[in-house]
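# Inside the fold
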Amino acid sequence: MEKQTLPASSCSLVLLEETRKNPLLLTNGGAGGGYPPSAANGSLVPLAPGSSLGPTGACGGPPGKPVPVPGPGYPERETWTRQMDFMMSCVGFAVGLGNVWRFPYLCYKNGGGVFLIPYLLIVFVGGIPIFFLEIALGQFMKAGSINVWNIAPLFKGLGYSSMVIVFFCNTYYIMVLAWGFYYLIKSFNSTLPWSTCDNEWNTPSCIENFRHQDCVNGSIANATVVGGNMTCAELANAQSPIIEFWERKVLNISSGLGETGEFNWELTLCLMAVWVMVYFCVWKGVKSTGKIVYFTATFPYVVLVILLVRGVTLPGAYDGIMYYIKPDWSKLGEAQVWIDAGTQIFFSYAIGLGALTALGSYNRFNNDCYKDAFVLAMINSGTSFFAGFVVFSILGFMAAEQGVDISQVAESGPGLAFIAYPKAVSLMPVAPLWAALFFFMLLLLGLDSQFVGVEGFVTGILDLLPGKQQYRYKREISVAVCCSLCFIIDLSMVTQAGMYVFQLFDYYSASGMTLLWQAFWECIVVSWVYGADRFMDDVARMIGYRPFPWMKWCWSFITPCVCLGIFMFHLVNYKPLTYNNQYVYPWWGEVIGWCMALSSMLCIPVSLLYKLFRAKGTFKERWAHLTTPVWGNHHLEYMAPDIKSLSSLSAADDNKVIIFESVM
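Given the structure is predicted, the values throughout are model-derived calculations rather than measurements.

Here the focus is the overall build of the protein chain. Regarding its fold elements, the protein chain presents 24 helices and 7 strands. Look at the contacts in the protein chain between residues 6 or more apart in sequence, and 83% of them connect residues 24 or more apart. For the protein chain, the accessible surface area stands at approximately 27100 Å², while carbon and sulfur atoms represent 63% of it.

For the pair helix α5 (residues 157-186) and helix α17 (residues 474-490), the least separation of the axes is 9 Å and the interaxial angle reads 60°. Here α5 is positioned oblique relative to α17, judged by the angle of their axes. For the crossing formed where α5 meets α17, the hand is right-handed. Counted together, Phe 167, Asn 170, Thr 171, Tyr 172, Ile 174 and Met 175 of α5 and Leu 485, Cys 486, Ile 489 and Asp 490 of α17 form the full contact between these two elements. Within the contact of α5 with α17, the residues separate by chemical class into 7 nonpolar, 2 polar and 1 charged.

Burial analysis of helix α7 (residues 241-250) places 7 of its 10 residues in the buried class, the great majority of the element. When we look at burial in α7, the residues that qualify are Pro 241, Ile 242, Glu 244, Phe 245, Trp 246, Lys 249 and Val 250. Just downstream of α7, Asn 252 is the residue with a positive phi angle, here 45°.

Here the focus is the nonpolar core. Counting residues in each nonpolar core, the largest one holds 192 residues, and the members touching the most others are Trp 179 and Phe 535. Of all the elements, α5 adds the most residues to this core, at 19 residues.

To continue, consider helix α4 (residues 116-141). Taking 1.5 Å per residue, 26 residues should reach 38 Å; α4 reaches 35 Å between its end C-alpha atoms and fits that length. Val 123 marks where α4 bends most, by close to 50°. Extensive coverage of α4 is indicated by the burial of 22 of its 26 residues. Looking at the residues trailing α4, positive phi occurs at Lys 142, about 55°.

Below, the discussion takes up the environment of Leu 177. Summarising the element assignment, Leu 177 is placed in helix α5. Contact partners of Leu 177, with chain neighbours within four places excluded, come to Leu 97, Val 274, Leu 442, Leu 443, Gly 446, Leu 447 and Gln 450.

Across all of its chains, the model carries 8 salt bridges by this definition. Ionic pairing is found between Lys 186 and Glu 266, a salt bridge with its closest N-O pair at 3.9 Å. Taken together, the residues Lys 186 in helix α5 and Glu 266 in helix α8 (residues 265-282) connect sequence positions 80 residues apart. Residue classification places Glu 266 among the partly exposed residues on the basis of a relative accessible area of 38%. For the salt bridge of Arg 546 with Asp 537, the shortest nitrogen-to-oxygen distance reads 2.4 Å. What makes Arg 546 partly exposed here is its relative accessible area of 34%. Residue Asp 537 is classed as partly exposed on the basis of its relative accessible area of 38%. Connected through shared salt-bridge partners, Lys 186, Lys 249 and Glu 266 make up one network.

To continue, consider the confidence of the model for the protein chain. Summarising the model, the protein chain shows a mean pLDDT of 78, and 78% of its residues fall at 70 or more. Note on residues 1-73: pLDDT is under 50 here. Beyond four places in sequence and across chains, it has 148 contacts. Between residues 641-664, whose pLDDT stays under 50, and residues either more than four places distant or in other chains, the model counts 57 contacts.

Covalent bonding between the sulfur atoms of two cysteines is what defines a disulfide. Throughout the structure, instances matching the rule amount to 1 disulfide. One disulfide bridge connects Cys 197 with Cys 206, the sulfur atoms lying 1.9 Å from each other. Across the S-S bond of Cys 197 and Cys 206 the torsion is about -70°, and the bridge reads as left-handed. In this pair, the class of Cys 197 matches that of Cys 206, namely buried.

In this section: a nonpolar patch on the surface. A contiguous nonpolar patch, built from Trp 528, Phe 548, Trp 553 and Phe 557 and spanning about 480 Å² of accessible area, is present on the exposed surface. By secondary structure assignment, the location of Phe 548 is in the loop between α19 (513-543) and α20 (550-572).

The next point concerns the side chain of Asn 99. You can see Asn 99 is positioned in helix α3 (residues 97-109). Of the polar contacts made by the side chain of Asn 99, one reaches the backbone nitrogen of Gly 96; its length is 3.0 Å. Apart from residues lying up to four places away in sequence, Asn 99 is in contact with Ala 94, Pro 104, Ser 348, Asn 380, Thr 383, Ser 384 and Ala 387.

Our next topic: the packing of helix α10 (residues 299-311) against helix α16 (residues 431-463). The interhelical angle for the contact between α10 and α16, taken along N-to-C directions, is 140°, at an axis separation of 9 Å. By the angle between their directions, the pair α10 and α16 is classed as oblique. Crossing hand, α10 versus α16: left-handed. Within the contact between the two elements, α10 uses Phe 299, Pro 300, Val 303, Leu 304, Ile 306 and Leu 307 and α16 uses Trp 434, Leu 437, Phe 438, Phe 440, Met 441, Leu 444 and Leu 445.

With that out of the way, let us pick up the environment of Val 572. With respect to the helices and strands, the residue Val 572 is situated in helix α20. Along the backbone, Val 572 and Ala 335 are 237 residues apart, and their C-alpha atoms lie at a distance of 9.6 Å.

Here Ser 89 shows up in helix α2 (residues 83-94). Beyond its immediate stretch of four places on either side in the chain, Ser 89 contacts Trp 80, Thr 289, Gly 290, Val 293, Leu 359 and Val 452.

To continue, consider the environment of Phe 451. Secondary-structure assignment places Phe 451 in helix α16. Overall, the relative accessible area of 0% leaves Phe 451 in the buried class. Beyond its immediate sequence surroundings of up to four residues, Phe 451 is in contact with Val 278, Cys 281, Val 282, Thr 289, Ile 292, Val 293 and Thr 296.

Quick look at the packing of aromatic side chains now. This structure, assessed with the given rule, holds 58 aromatic pairs. Here the aromatic rings of Phe 280 and Trp 283 are separated by 5.2 Å at their centres, their planes lie at 80°, and the arrangement is edge-to-face. What makes Trp 283 partly exposed here is its relative accessible area of 27%. Ring geometry for Tyr 500 and Tyr 579: centres 5.4 Å apart, planes at 75°, overall edge-to-face. Separated by 79 residues along the polypeptide, Tyr 500 in helix α18 (residues 498-509) and Tyr 579 in strand β5 (residues 578-579) bring together distant segments of the chain. Under the relative-accessibility criterion, Tyr 500 is labelled buried at 3%.

Positive phi values are uncommon outside glycine, yet Lys 142 reaches one of about 55°. Summarising the element assignment, Lys 142 is placed in the loop between α4 and α5. Taking the relative accessible area as the measure of exposure, Lys 142 reaches 15% and is therefore buried. Not every positive phi belongs to a glycine, and Ala 350 is a case in point at roughly 60°. With respect to the element layout, Ala 350 can be found in the loop between α12 (335-348) and α13 (355-361).

Thresholds, definitions, all that
- Residues numbered from 1 in each chain as written.
- Predicted model: local features only at pLDDT ≥ 70, side-chain atom pairs only at ≥ 80, totals over all residues.
- Heavy atoms only, no water.
- Helix = DSSP H or I, 4+ residues; strand = E, 2+ residues; numbered from the N terminus.
- Contact = heavy atoms within 4.5 Å.
- Areas by Shrake-Rupley, 256 points an atom, 1.4 Å probe, with all protein chains shown as cover.
- Axes fitted to C-alpha atoms, helices over the stretch in contact; angles between N-to-C directions.
- Parallel < 35°, antiparallel > 145°, perpendicular 65-115°, else oblique.
- Left-handed = near helix turned anticlockwise from the far one by under 90°.
- Nonpolar A, V, L, I, M, F, W, Y, C, P; charged D, E, K, R; others polar.
- Buried < 20%, exposed > 50% of the residue type's maximum accessible area, 1.4 Å probe, protein only.
- Core = buried A, V, L, I, M, F, W, Y, C linked by side-chain atoms within 4.5 Å.
- Expected span 1.5 Å × (residues − 1).
- Bend = angle between axes of the 7 residues up to and from the residue.
- Salt bridge = Lys/Arg side-chain N within 4 Å of Asp/Glu carboxyl O.
- pLDDT = per-residue confidence, 0-100.
- Disulfide = S-S within 2.5 Å.
- Patch = residues over 30% accessible without salt bridge, like charges linked within 9 Å, V, L, I, M, F, W, Y side chains within 5 Å.
- Polar contact = N/O pair within 3.5 Å; in protein donor to acceptor, adjacent residues only side chain to side chain.
- Phe/Tyr/Trp six-rings, centres within 6.5 Å; stacked < 30°, edge-to-face > 60°.

So, in structure tokens, the structure goes:
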């Protein structure tokens, strides 16, 4: 889009009152006093043509009462060393394991290529608009997920809600990294432990080579197994060594959520090692994480290309790719397909977690975040689509080998990454080398998503601490406490019931309804409380031109309707959580899940009601006061370019009102 020069506006007045005893502080800008609306919220006030500073005071305010304006309440925010640091961090965070195993899994579950139709539709009406909204909001307010809602303080519960969601996400997401790290260690063997049936965890039903073609006429199969020949009936119930390694060795899964069993100490050590890596990636802030993501965000693409080249050369790969491309149109009538598409968009785009807001807050104020949002969205969705070809070429091979339909291969969610991919790796020459390379890629793919998520959570916490409470190693201690608390909770996922706990977190806490609820209220607050046109003006002030009106229409009407519609479908078509389509969770397990979901969703209405009841005055006065933005120093510095720095105001001039006049 061609940049347009903003039209010059009337001269603007900024009135600042500074005294020795009462330095400039952040203000809510009280609604009383008869000030114009723009003056009351602390923004710049256009001087009406022909008006002047009369005895009534500046900008029409009563004499002797200065217009409320903000002041320095927090230290100056650090920024990215280079803008590419921000881009790579967003790619590393948003492009993660969900693009590799969640998107392809949802594709074959929801009719193959037909899933791309609702997916792409929701990308343009929901994904990109909210993705851009969160980055722009963080860049404009220069704050993390909580303080960014100073734009409408009554709805600060949105910040607390996103903090709860990202905390849950940080807690359970890292388990996939622990599993990947465990596989990585096991890859350093001359023979991969998941490629044979002669291990202690294998059962008599384990079979390395399926020969279903011998069972066409019901004859005896000649497949070689540990115990000898198998009949065709036995062959139908046989399992590959990869599945047995995953379920019997890695998970050592019990029969239900209530049977926790014993700890897997090998997995516990892997979990601890991954948390240590996350800590040292985050503890120094964006100056260090901005460098690490250059490697963690780009290397996985190299391995994906290599795996695609290998995958398309396998027998059955063509059938798998055709299953991925060819749509099953009947699936479009199922509500679950649309629910999964919307959920996948919000999950893979990392919407509602507050981390995008935190990343955007470290941008320069005049960064072109509009262009960045489209570039990052294309990279994200493009990676998901590309990874689908890699996965389906391998699924086609596995289906051909076992003589079953593709939809019956690797039913369990994260098991796709730990069943289908290891199988492909084991078929390559020098298998241990390729296995180590693949799981190293898997570790990097999730690691950058994990430590940026932790960065978003810690940023929100640190923003709550005023500048006066600066102390040495504040960030390091905060990151350590966050990682330690998550690790303690994660111990429940390294037991024999760990997979059930993991699915409980994944199904209720940080996906589905919680993200849709969060996205719905973000759009409502920005477009209807703060004002969509007003925010578009703020974005134009930052990037130098107005975005396409489609964004405003989406924030105001389309995206909230999409979020609310999918949310209601999710409620109407709610089904109890199951594991592998066989185990049904007990009632108390569902209660725990709903408690996790409501712990974030209720933050918004509870916080809103609490603030309204605590405020004074009529409902209209309370609303006006609590929806008045709290501005920061950078707003005045960028909105009034003639002001060099607010800190240059001399404290020697007691009770002095200083008037700055600038032309926008």
